[in-house]
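Coordinate analysis (summary)
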Amino acid sequence: MNVQVSSIAERPDRLRAVFEMADTWPEFVTNDPVGGACYGRIPAELPEYVLFAEDQHGEIVAHAFSVPFALDADGRGALPARGWDEVLLWAFADLRRGTRPDTVSAISVTIAPHAQGHGLPAVMLAAMRDNARAHGFREVVAPVRPSAKHREPRTPITEYAHRVRPDGLPEDPWLRVHARAGAHIDSIAPASMTVGAPLADWRRWTGLPFDTTGDVEVPGALVPVRCEAERGYGVYVEPNVWMRHAL
């Protein structure tokens, strides 16, 4: 599929279309409170880090969000165990304080359902790397959500992330795309995203009863959701895999 990649800084008129593009994210993922507070701020405050791809008809078929942050700031240095949530908080804290960033973190790569299967994840990852390099950065990091981990929600992420094929590349497809682009695994983010909500919300998001205390396997979830029936609450703590791209 031939696409043209632009940034929202270059084409602010396309922002609405970017947000209106269909996607396949599970609904509970979009209810992470940190994401709810920060994700929409990226195109408003960091538009040069929001990329989108248009097909030959001008339809948006993919987008990629990233944020610059200061990894080497006091009290940091290592990629955070709270992964996706923490790096968003760091990025906007740095922006507010005027702290000079030294690293770019991927936040999302999203492909329209009808455009999947055409190699666009690799295209958007390459565009994100090129964009970071063009802004003077020497490294991109990514709290990667392994794309096939939901098929094995009870397999420990430390085991799953390090599985490789005979050719030495990761077994997981999305980890493999990053590895082919030159990235390596840095560490596991065991609590990269946390979604806590009343059981009524979990029932609405998943169509499951959530009526018994215990771990509930949910379609699209990388690990089971903890259901506390007596408290009427459920909590999902998603692990991700930190990968580092030298530019």
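Further up the page is the structure itself.
What this report covers is the structure whose coordinates are included nearby. (Residues numbered from 1 in each chain as written. Predicted model: local features only at pLDDT ≥ 70, side-chain atom pairs only at ≥ 80, totals over all residues. Heavy atoms only, no water.)

**Overview of helix 4 (residues 83-97)**
What counts is decided by this rule: Secondary structure elements follow DSSP: runs of H or I no shorter than four residues count as helices, runs of E no shorter than two count as strands, and numbering proceeds from the N terminus. Helix span, expected: 1.5 Å multiplied by one less than the number of residues in the helix. Relative accessibility thresholds used throughout: buried, under 20% of the residue-type maximum; exposed, over 50%; partly exposed, between the two (1.4 Å probe, protein chains only).
Taking 1.5 Å as the rise per residue, helix 4 with 15 residues should run 21 Å; its terminal C-alpha atoms sit 21 Å apart, in good agreement. Most of helix 4 is tucked away: eleven of the 15 residues are buried. For helix 4, the complete set of buried residues consists of Gly83, Trp84, Asp85, Glu86, Val87, Leu88, Trp90, Ala91, Phe92, Ala93 and Asp94. Count one or two residues on from helix 4 and you reach glycine 98, which has phi positive near 75°.

**Things to note about the layout of surface pockets**
The criterion, for reference: Grid spacing is 1 Å over the protein atoms alone, the probe is 1.4 Å, and a cavity is where that probe fits but cannot get out, while a pocket is an open set with protein on both sides within 12 Å along at least five of seven lines and lining residues have an atom within 4 Å of a point. Grid points are joined across faces, edges and corners, and a volume is the space filled by probe spheres set on the points. All residues other than Ala, Val, Leu, Ile, Met, Phe, Trp, Tyr, Cys, Pro, Asp, Glu, Lys and Arg, Gly among them, are scored as polar; the first ten of these are nonpolar and the last four charged.
Its volume calculated, the largest pocket comes out at about 1,300 Å³. Sorting elements by how many residues they give to the lining of the largest pocket places strand 4 (residues 103-111) first, with six residues. Along the lines of polarity and charge, the residues of the lining of the largest pocket split into 24 nonpolar, 15 polar and five charged.

**What about a nonpolar patch on the surface?**
As a reminder of what qualifies: Patch building starts from residues that exceed 30% relative accessible area and form no salt bridge, then joins like charges within 9 Å and nonpolar side chains (Val, Leu, Ile, Met, Phe, Trp, Tyr) within 5 Å. To be clear on the numbers: accessible area is Shrake-Rupley with a 1.4 Å probe, and residue cover counts the displayed protein chains and nothing else. Salt-bridge detection follows one rule: a side-chain nitrogen of Lys or Arg within 4 Å of a carboxyl oxygen of Asp or Glu.
A contiguous nonpolar patch, built from Tyr233, Val235 and Val237 and spanning about 210 Å² of accessible area, is present on the exposed surface. In this fold, tyrosine 233 is placed in strand 9 (residues 233-246).

**Quick notes on the environment of tryptophan 84**
To be explicit about the condition: Contacts are assigned to residue pairs with any non-hydrogen atoms lying within 4.5 Å of each other.
Within the secondary structure, tryptophan 84 sits in helix 4. A residue is classified by how much of its surface remains accessible, and tryptophan 84, at 11% relative accessible area, is buried. For the pair formed by tryptophan 84 and tryptophan 242, sequence separation is 158 residues and the distance between their alpha carbons is 9.4 Å. Ignoring anything within four residues of it in the chain, the contact list for tryptophan 84 reads Asp32, Gly35, Tyr39, Ile107, Pro143, Ser192, Met193 and Asn240.

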